[in-house]
Number of protein chains: 2
Amino acid sequence: MFRAGETYAFSPDISEAEARHVWSELPAAAFVALNSEDEVLGTYYIKPNQPALGAHVCNCGYVTAEQARGRGIASAMCEHSQEEARARGFRAMQYNLVVSSNEGAIRLWKKHGFAVICVLPGAFRHASLGYVDALVMFKQLQP
Amino acid sequence: MFRAGETYAFSPDISEAEARHVWSELPAAAFVALNSEDEVLGTYYIKPNQPALGAHVCNCGYVTAEQARGRGIASAMCEHSQEEARARGFRAMQYNLVVSSNEGAIRLWKKHGFAVICVLPGAFRHASLGYVDALVMFKQLQP
């Protein structure tokens, strides 16, 4: 997914060790979605989006396995991450860099209650499209 | 400055070693503003705001020494940081968490060409005001 350079800012040349580090070691927690054969269909991480005085807002990132697309895995992970976030006491969830060309993801996050609150002009250097806008999406989890 | 809990998300209990680390070691570079007696009047850091495919947008943070307020130090650092950013090839500069109660800073960044492009609801837990909004401010540096 990172190698495609279309949805995450991580270098397309990232090593597997570095990818594991940023995804599953740096964040507070990482989860996997498994089928009944224990195959990995997707994964997401959750972490505070800022240090201490901004740590009540979390950030998550999601990846669905190529062969598992279109089966609601991302939706299930999004719902799971919101429950997880509430259980951990987070008040809101923020996505910092949703690539504007990733229309499927934007539609999905909107369906799950996220609002586009910001357009970052040319903030993402897409592998094939060049500089494209990125969105900040936000959802309040507690009143 | 961090101890006040009014403008930066870093913990008010941050140690000096940790503060030095996040300010001057993690970023790409940190600068100090000195007077003719080599006293430190202010400091700022500059770093890419995202990994590889978002690394053409930089992020800076600025602190002016308490005893040097109102003398244009922050303005001078803001201008210097923009020159530095251009020299390093950054295409834009983004402030991710400008505390909405920090009216002096917001006015100053606007004067230097930054636009408020986003309001993050309740994203900052202010030491005395509680949860307050934070702003994302942005300036294009190259056409």
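Draft legend 1. Just the nonpolar core, in detail. A:Leu97, A:Leu120, A:Phe124, B:Leu97, B:Leu120 and B:Phe124 are the most contacted members of the largest nonpolar core, which totals 28 residues. Secondary-structure elements contributing two or more residues to this core are β4 (92-99), β5 (115-126) and β6 (130-140) of chain A together with β4 (92-99), β5 (115-126) and β6 (130-140) of chain B. Setting aside chain neighbours within four positions, we find A:Leu120 in contact with A:Asn96, A:Leu97, A:Asp133, A:Ala134, A:Val136, B:Gln94, B:Ile117 and B:Val136.

Draft legend 2. Up close: unusual backbone geometry. A positive phi is found at A:Asp38, a non-glycine position, where the angle reads about 65°. Among the structural elements, A:Asp38 can be located in the loop between β1 (29-34) and β2 (40-48).

Draft legend 3. Geometry of the relation of the copies chain B and chain A. Overlaying chain B on chain A yields an RMSD of 0.0 Å, the required transformation being a rotation through 180° with an accompanying axial translation of 0.0 Å. Put plainly, the chains are arranged around a two-fold axis. Proximity to the rotation axis, assessed at the C-alpha, singles out B:Cys118 in chain B; its C-alpha lies 2.6 Å from the axis. Interface overlap between copies: 100% of the residues of chain B at the interface are likewise at the interface in chain A, consistent with a symmetric, same-surface contact.

Draft legend 4. View of the interface of chain B and chain A. Taken together, the contacts link 30 residues of chain B with 30 residues of chain A. Taken together, both faces of the contact between chain B and chain A bury some 2300 Å²; the carbon and sulfur share is 66%. The interface formed by chain B and chain A holds zero salt bridges in total. At the junction of chain B and chain A, the tally comes to 10 residue pairs in polar contact (both at pLDDT 80 or more). Mapped onto the side of chain B that touches chain A, the elements with two or more residues apiece are β4, β5 and β6 of chain B. Take the side of chain B that touches chain A: its biggest share by element is nine residues, from β5(B). Class assignment of the residues belonging to the side of chain B that touches chain A gives a composition of 19 nonpolar, nine polar and two charged.

Draft legend 5. Representation of helix α2 (residues 73-87) of chain B. Residue and element names in this part refer to chain B. In this model, α2 (15 residues) spans 21 Å end to end at C-alpha, consistent with the 21 Å of a helix rising 1.5 Å per residue. Within α2, burial applies to Ile73, Ala74, Ser75, Met77, Cys78, Ser81, Gln82, Glu84 and Ala85. Buried residues belonging to α2 abut β1 (29-34), β2 (40-48), β3 (57-64), β4, α3 (103-111) and β6. Phi for Gly89, located one or two positions after α2, is positive at around 85°.

Draft legend 6. Here's a closer look at the packing of aromatic side chains. Under the definition given, this model contains 24 aromatic pairs over all chains. For the ring pair A:Phe2 and A:Tyr8, a centre distance of 5.6 Å and an interplane angle of 55° mean the geometry is tilted. Arranged with centres 4.9 Å apart and planes meeting at 90°, the rings of B:Trp23 and B:Tyr45 form a pair that is edge-to-face. Of this pair, B:Trp23 sits in helix α1 (residues 16-25) while B:Tyr45 sits in strand β2, placing them 22 residues apart in sequence. For the residue pair B:Trp23 and B:Tyr45, the accessibility class agrees, reading buried in each case.

Draft legend 7. Quick look at helix α1 (residues 16-25) of chain A. Residues and elements named next belong to chain A. Within the sequence span of α1, burial applies to Ala19, Val22 and Trp23. Along the axis of α1, the buried positions cluster into a sector of 90°, meaning they face one direction only. Summarising the geometry of α1, the exposed residues directed more than 90 degrees from the buried face are Ala17, Arg20 and Glu25. Against the buried residues of α1 lie β1, β2 and β3 (57-64).

Draft legend 8. Here's a closer look at a nonpolar patch on the surface. A surface patch of nonpolar side chains, about 260 Å² in accessible area, is lined by A:Val32, A:Leu34 and A:Val40. Among the structural elements, A:Val32 can be located in strand β1.

Draft legend 9. Focus on the sheet that holds β1(B). All names here are of chain B. With mixed pairing, the six strands of this open sheet are ordered in space as β1-β2-β3-β4-β6-β5. In this open sheet, the two edge strands, each paired with only one partner strand, are β1 and β5. On average, each strand axis in the sheet is tilted by 25° relative to the strand beside it, whichever way the strands run. Where β1 lies against β2, six bridges are found, and the strand directions are antiparallel. If you follow Val32 over to β2, its bridge partner there is Thr43.

Basis of the calculations
- Residues numbered from 1 in each chain as written.
- Chains lettered and ligands numbered in written order.
- Predicted model: local features only at pLDDT ≥ 70, side-chain atom pairs only at ≥ 80, totals over all residues.
- Heavy atoms only, no water.
- Core = buried A, V, L, I, M, F, W, Y, C linked by side-chain atoms within 4.5 Å.
- Buried < 20%, exposed > 50% of the residue type's maximum accessible area, 1.4 Å probe, protein only.
- Helix = DSSP H or I, 4+ residues; strand = E, 2+ residues; numbered from the N terminus.
- Contact = heavy atoms within 4.5 Å.
- Least-squares fit on C-alpha atoms with pLDDT ≥ 70 in both.
- Buried area = accessible area lost by both parts, 1.4 Å probe.
- Salt bridge = Lys/Arg side-chain N within 4 Å of Asp/Glu carboxyl O.
- Polar contact = N/O pair within 3.5 Å; in protein donor to acceptor, adjacent residues only side chain to side chain.
- Nonpolar A, V, L, I, M, F, W, Y, C, P; charged D, E, K, R; others polar.
- Expected span 1.5 Å × (residues − 1).
- Phe/Tyr/Trp six-rings, centres within 6.5 Å; stacked < 30°, edge-to-face > 60°.
- Arc of directions from axis to C-beta.
- Patch = residues over 30% accessible without salt bridge, like charges linked within 9 Å, V, L, I, M, F, W, Y side chains within 5 Å.
- Areas by Shrake-Rupley, 256 points an atom, 1.4 Å probe, with all protein chains shown as cover.
- Pairing = 2+ DSSP bridges.
- Axes fitted to C-alpha atoms, helices over the stretch in contact; angles between N-to-C directions.

This is a description of form; function is not addressed.
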